[in-house]
Amino acid sequence: MKLSLKHILLVSAIALASQSSIVLAEEAAVTSDAADVAAEANVEEAVEADGDAGKECSADDSSCITPEEEPSAEDPKCPSRPHVIRCAAKYLDTNQNGALEREELDSAMGEVSWIVRGLLKVIGSTDAIMKKCDADGDGKIDIATDMEATKETCLASCFKRNAFKRLFFPECTE
């Protein structure tokens, strides 16, 4: 079998791309805490600088969009925390008890394709997730109460929400 230069370059590019994404994910894991802090500071500055924040709409103001009327399309690069929580409940809560148990997280992590396993370093181990997201320490992450209580630590950054969604439920549109 004879391979053309075109085929060799294509295979090389695919191999290089898969390795570079893993390296980038590993580098991102190291700097993710600093990036989280910087990203949160940027969001706070943007909210403070927004002059329309909290603006009340009058009945005849057609240019004003209330939060209830805002388009619900998710940004694929930065999924919202409620979106990721709904998707986690749908795809990871296999026994449908309203909580993510350690076994469910372990099972989901074990099913991750070898190509994207580098992203697991970004979101952390099961122990790290439980530490950040299990507010009451009962060994399971209750979708309603624990997720509300851990807003500051669990899936707090856009980067981590995006990595979590891409790993476990990239097709979710909840």
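Everything here concerns the structure above.
Fair warning: this is a prediction, and the values are worked out from it, not measured in the lab. (Residues numbered from 1 in each chain as written. Predicted model: local features only at pLDDT ≥ 70, side-chain atom pairs only at ≥ 80, totals over all residues. Heavy atoms only, no water.)

Student: Could you give me a rundown of the side chain of H83, with the residues and numbers involved?
Tutor: Here H83 is to be found in helix 2 (residues 81-91). For H83, a relative accessible area of 1% corresponds to the buried category. Polar side-chain contacts of H83 include one of 2.8 Å to the backbone oxygen of E174. When neighbours within four sequence positions are excluded, H83 is seen to be in contact with E74, K165, C172, T173 and E174. (Helix = DSSP H or I, 4+ residues; strand = E, 2+ residues; numbered from the N terminus. Buried < 20%, exposed > 50% of the residue type's maximum accessible area, 1.4 Å probe, protein only. Polar contact = N/O pair within 3.5 Å; in protein donor to acceptor, adjacent residues only side chain to side chain. Contact = heavy atoms within 4.5 Å.)

Student: Could you give an account of the pattern of salt bridges, naming the residues involved and the relevant values?
Tutor: In the structure shown here, the tally under the stated rule is 3 salt bridges. In this structure, E174 and K90 form a salt bridge, with 2.9 Å as the shortest nitrogen-oxygen distance. You can see E174 sitting in the segment after helix 7 (158-168) and its partner K90 sitting in helix 2, a full 84 residues away along the chain. Residue classification places E174 among the partly exposed positions, given a relative accessible area of 38%. Using a relative accessible area of 45% as the deciding quantity, one classes K90 as partly exposed. E148 is the salt-bridge partner of K151, the closest N and O atoms lying 2.8 Å from each other. Judged by relative accessible area, which is 44%, K151 ranks as partly exposed. (Salt bridge = Lys/Arg side-chain N within 4 Å of Asp/Glu carboxyl O.)

Student: For the nonpolar core, give the residues involved together with the corresponding values.
Tutor: Ranked by size, the top nonpolar core spans 29 residues in total, and within it L92, I123, I129, I141, F164, F168 and F169 carry the most contacts. Mapped onto this core, the elements with two or more residues apiece are helix 2, helix 3 (102-110), helix 4 (120-123), helix 5 (126-133) and helix 7. Among the elements that make up this core, the one with the highest residue count is helix 2 (5 residues). Among residues more than four places away in sequence, those in contact with F169 are V84, C87, A88, Y91, L92 and F164. (Core = buried A, V, L, I, M, F, W, Y, C linked by side-chain atoms within 4.5 Å.)

Student: Explain unusual backbone geometry to me, and be specific about the residues and the numbers.
Tutor: Positive phi, close to 55°, is recorded for Q96, a residue that is not glycine. Looking at where Q96 falls in the secondary structure, it is placed in the loop between helix 2 and strand 1 (99-101). In this structure, L155 takes a positive phi of about 55° despite not being glycine. Considering the arrangement of structural elements, one finds L155 in the loop between helix 6 (145-149) and helix 7. Of the residues examined, L155 reaches a relative accessible area of 14% and is grouped as buried.

Student: Let's hear about the state of the cysteines: which residues, and what values?
Tutor: This structure, assessed with the given rule, holds 3 disulfides. Here C78 is linked by a disulfide to C158, with a sulfur-sulfur distance of 2.2 Å. One end of the pair, C78, is in the loop between helix 1 (5-49) and helix 2; the other, C158, is in helix 7, and 80 residues separate them in sequence. Taking relative accessible area as the criterion, C78 reaches 27% and is therefore assigned partly exposed. (Disulfide = S-S within 2.5 Å.)

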